[in-house]
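Listed below, chain by chain, are the residues.
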Amino acid sequence: MSAAIHVRDLHKRFRTTQALAGVSLDIEPGEFFGLLGPNGAGKTTLISVLAGLTRADAGEASVMGHDVVRDYRQARRALGVVPQELVYDPFFNVRETLAIQSGYFGLRHNDDWIDEIMHHLDLTPHAHKNTQALSGGMKRRLLVAQALVHKPPVIVLDEPTAGVDVDLRRSLWAFISGLNREGHTILLTTHYLEEAEALCGRIAMLKAGRIVACDTTRNLLRHTNEHCASLRLDVESLPSGWQARVQRDDDGNWRFSFGDYTELENLLADLRGAGVRVRELHLQEPDLEDVFTDIMQRA
Amino acid sequence: MSGLPALFYKEMLRFWKVVVQTVVAPVVTALLYLLIFSHVLEAHVQVYPGVAYTAFLVPGLVMMSMLQNAFSNSSSSLIQSKMQGNIVFVLVAPLSYLEFFLAYLGAAVIRGLVVGAGVWAVTWVFVPFVMPHWGWLLAYALLACAILGALGIVAGIWAEKYDQLAAFQNFLILPLTFLSGVFYSIHSLPAFWQTVSHFNPVFYLIDGFRYAFVGQSDADPWLGLLVSFGCFVAISALTLMLLRSGYKLRH
C-alpha cells in the first residue's frame, strides 16, 4: 500500500532562503502526524509543495501514491488542505462556497455531504450568511469544511487553531480526531505543542528546512530523561554535597533536576538523615515542549 | 468530471452578484457618452456618407463597453482573489491550466457580451438599426471579448497590487480603446496617425464591428478579422504559457 504522503529529498529555495534542504518523509495511511518547527522552518513550504501551490526545485512528493506534479489531478483529489491564513471569498455565502468548491473537484450533486459537514462543524445556521459576515471562528470552520468537500483521504491542517478560542479548538479537535478514527490521514502543523502531544502518534521536527527529529510521540518524550522535582522544606540550607545540584526558586521551593530516580531517593534519604522535613514534593515529567526546545537547541 | 464548469459558474456568479456595478453602470456610462457626443457633433460631423454621426457612434460605444468589461472581469477577479488569498481554493483543485484559462475567459466573454447587448438595447431608442450583418457582428464581438478577456487574465496574473492593474488599464487598455476610432474615423487623422492606428488591433475590432452595423468601414473587414484572430491566438498563447509556468500564482 502506498504511503499517504511520501516525500523524498525535497529542495526548495526562495531567493536567499533555503526553505527545504533535502526533506524526506513517509506518512502512513491512517496516521495522525505532527509537523513541528519554529517559524520559517519550512513547514508551510512542505505543505505547499504537497498541495501544488509551490513547485519544488528538486526531489519528489506524492499523495496516496500520486505524484504531485505528474499526476497532480489524482494527488489533489486525495488531499484536503486547511490553509493557515483566514481566507474567504466575500462574494458568496457558506453554502455557495462549499458547492463551488465541490464543483472544482468535479462533484456536481454533493448536497448531502455538504449538509453533513456543515452540521458537524456547526455551520448549518450560517449556511446562507455571506462569508464576510462570519466570525473568525466560523471562517476557520468554513476553511475546514472546504478542505473536506471532496472527502479526501489525506487532510492537511496548517496551524488550524491559531487565534481560535478554547471551545472551537476543542470541537475542532473532536471532529478531526473522529475523521482520523474513520481512517483519514491527518498532517498537522501547530505551534501549540500540547495539542501535538495529545493528538499526534508520530511527529517530525523541522529546522531550517531539514528534519532534525522524526519519531513516535512516545519515543520523542523519552528523548530527554531529565525529570524535575520541586520540594518545599522546613530548612534554609541543604545538607552538604547537595547545594550545587539543588537550586532555590523565587517562591522558596527547591528544584532538583535528575536523570534517574535513585538520585531523588538519595536526596530524600540524605534529607531524612539530616532531620529535614519535606512539606511538599511535586514531580514534573518532561513534555513535548521540553523535548522540542532541547532538539532545536542541539540541531 | 472536470472542475471547469464550476469555476466558470463561480466567475459568472461573481459578476452577477454585483450586476449594478458590472453591467448597469457601464451601460449608463455608454449612454452618457452617446447623449453628450451626439448632442455636440450630430449636426456637424458626418463620417460616412448617408450615415448619421449617432449611427456611427453607437457601434463604437457598444464595442468599447465590451472591450473594457471583458478585460475588467478577468483582471479584477484574479487580482481580488490574489489580494484576498482565496485564489488558493482554485489552485489546490485538480484543474489544468487550460481549464483555468477557459473558465476565466468564458466568463469575461459573457460579461462583455451582456454589457454590449445592454448598451445596444438602450441606444436603440436613439438609433434603431435595421438588421445588421449578424455574422460580422458576432465574429467581432466574440473575438473582441476573448482578446480583452485573455489580456485581463495576463494583467490579473502580473499585477501584484491594485494600482499596478489600474496602470495596465489606464496606460494600455484605455488609450488603445480611445485612440481606435470609437468617436471618429481614422481617415480624419493626419497620415502619420492613420498609419499608427493600423498598428492598433483595437482599431480593427471597432472598425469591423461598425461595418456589421453600417456596412462601411475604414479597413477591409476580412483583414480586420485576420488581425483580430491573430491577436487572439498570440495573447491566448502568452496567457497559457504564463498559467502553465505558474507565473506569480504558484511559487
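For clarity, every value in this text was computed on a predicted model and none was experimentally measured.

J.: Where do I start with the overall build of chain A in this structure?
T.: Scanning chain A from terminus to terminus reveals 10 helices and 14 strands. For chain A, whose C-alpha radius of gyration is 24 Å, the value lies well above the compact-globule estimate of 19 Å for 299 residues. For chain A, the spread of C-alpha atoms along the principal axes amounts to about 80 × 45 × 35 Å. For chain A, buried positions account for 40% of its 299 residues.

J.: I keep staring at the interface of chain A and chain B and nothing clicks. Help me out?
T.: By a frequent convention, interface size equals the accessible area lost on bringing the separate parts together. At the interface, 24 residues of chain A touch 24 residues of chain B. Taken together, the elements giving at least two residues each to the side of chain A that touches chain B come down to helix 2 (72-77) and helix 3 (94-104) of chain A. Of the residues belonging to the side of chain A that touches chain B, the class tally is 11 nonpolar, 6 polar and 7 charged.

J.: I keep staring at the sheet that holds strand 4 (residues 58-63) of chain A and nothing clicks. Help me out?
T.: Residue and element names in this part refer to chain A. Ordered by their spatial adjacency, 4 strands build an open sheet running 2-1-4-5, and the pairing between neighbours is antiparallel. The sheet is open, and its two edges are formed by strand 2 (17-27) and strand 5 (66-67), each paired on a single side. As judged from the 5 bridges shared by strand 1 (residues 5-14) and strand 4, these two strands associate in the antiparallel manner. In the sheet register, His6 faces strand 4, and the bridge partner there is Ser62. Along the sheet face, helix 1 (residues 43-51) touches strand 1, strand 2 and strand 4 and points at about 115 degrees away from the line of strand 1.

J.: Hey, could you run me through the domain arrangement of chain A in this one?
T.: Under the domain assignment used here, chain A contains domain 1 (5-222) and domain 2 (227-286). When each unit is reduced to the centre of its C-alpha atoms, the spacing between domain 1 of chain A and domain 2 of chain A is 45 Å.

J.: Help me understand the environment of Ala150 of chain B in this model?
T.: Residue and element names in this part refer to chain B. The topology assignment puts Ala150 in helix 6 (residues 134-158). Counting along the chain gives 86 residues from Ala150 to Ser236, while the straight-line C-alpha distance between them is 6.1 Å. If we ignore the near neighbours within four places in the chain, the residues touching Ala150 are Leu105, Ile235, Ser236 and Thr239.

J.: I keep staring at the sheet that holds strand 11 (residues 227-233) of chain A and nothing clicks. Help me out?
T.: What links the strands of a sheet is backbone hydrogen bonding, and the strands pair in either a parallel or an antiparallel sense. All names here are of chain A. The strand order across the open sheet built from 4 strands is 12-13-11-14, with neighbouring strands paired in antiparallel fashion. Two strands in the sheet have a free side with no partner beyond their single neighbour: strand 12 (246-248) and strand 14 (278-284). For this sheet, the mean inter-axis angle between neighbouring strands, taken without regard to orientation, is 25 degrees. Relative to strand 14, strand 11 runs antiparallel, the two being bridged by 6 bridges. In the sheet register, Leu233 faces strand 14, and the bridge partner there is Val278.

J.: What's the story with the nonpolar core in this structure? I'm lost.
T.: In terms of nonpolar packing, the biggest core is built from 155 residues, with Leu50, Ala145 and Val156 of chain A together with Leu61 and Ala144 of chain B touching the most fellow members. Top element by residues in this core is helix 6 of chain B. It accounts for 16 residues. Once residues within four sequence positions are removed from consideration, Ala144 of chain B is found in contact with Met63, Met66, Leu67, Leu205 and Phe209 of chain B. Counting 6 residues, the second-largest nonpolar core is a separate cluster that includes Ala229, Trp254, Leu267 and Leu271 of chain A.

J.: Is there a simple way to explain helix 7 (residues 162-178) of chain B in this structure?
T.: Side chains three or four residues apart in an α-helix point the same way, a direct result of the helix having 3.6 residues per turn. Residue and element names in this part refer to chain B. Look at helix 7: 22 Å from first C-alpha to last across 17 residues, which is about the 24 Å you get at 1.5 Å a residue. The principal kink in helix 7, of about 30 degrees, is found at Gln169. Every buried residue of helix 7 is accounted for by Leu165, Phe168, Ile173 and Thr177. In this fold, the buried residues of helix 7 make contact with helix 3 (53-84), helix 6 and helix 9 (201-214).

J.: So what exactly am I meant to see when it comes to the packing of helix 2 (residues 19-41) of chain B against helix 5 (residues 97-123) of chain B here?
T.: The description of two packed helices rests on the angle between their axes and on the distance between the axes. Residues and elements named next belong to chain B. With their axes 9 Å apart at the nearest point, helix 2 and helix 5 run at an angle of 40 degrees to one another. As the angle between them shows, helix 2 and helix 5 are arranged oblique. Remark: the crossing between helix 2 and helix 5 carries right-handed chirality. Here Thr22, Val23, Pro26, Val27, Ala30, Leu31 and Leu34 of helix 2 lie close against helix 5, whose contacting residues are Arg111, Val114, Val115, Gly118, Val119, Val122 and Thr123. Class assignment for the residues of the contact of helix 2 with helix 5 results in 10 nonpolar, 3 polar and 1 charged.

Conventions and cut-offs
- Residues numbered from 1 in each chain as written.
- Chains lettered and ligands numbered in written order.
- Predicted model: local features only at pLDDT ≥ 70, side-chain atom pairs only at ≥ 80, totals over all residues.
- Helix = DSSP H or I, 4+ residues; strand = E, 2+ residues; numbered from the N terminus.
- Rg over C-alpha atoms; globule rule 2.2 N^0.38 Å.
- Buried ≥ 20, exposed ≤ 12 C-beta atoms within 10 Å, placed from the backbone.
- Contact = placed C-beta atoms within 7 Å.
- Nonpolar A, V, L, I, M, F, W, Y, C, P; charged D, E, K, R; others polar.
- Pairing = 2+ DSSP bridges.
- Axes fitted to C-alpha atoms, helices over the stretch in contact; angles between N-to-C directions.
- Domains from an automatic or database assignment.
- Core = buried A, V, L, I, M, F, W, Y, C linked by C-beta atoms within 7 Å.
- Expected span 1.5 Å × (residues − 1).
- Bend = angle between axes of the 7 residues up to and from the residue.
- Parallel < 35°, antiparallel > 145°, perpendicular 65-115°, else oblique.
- Left-handed = near helix turned anticlockwise from the far one by under 90°.

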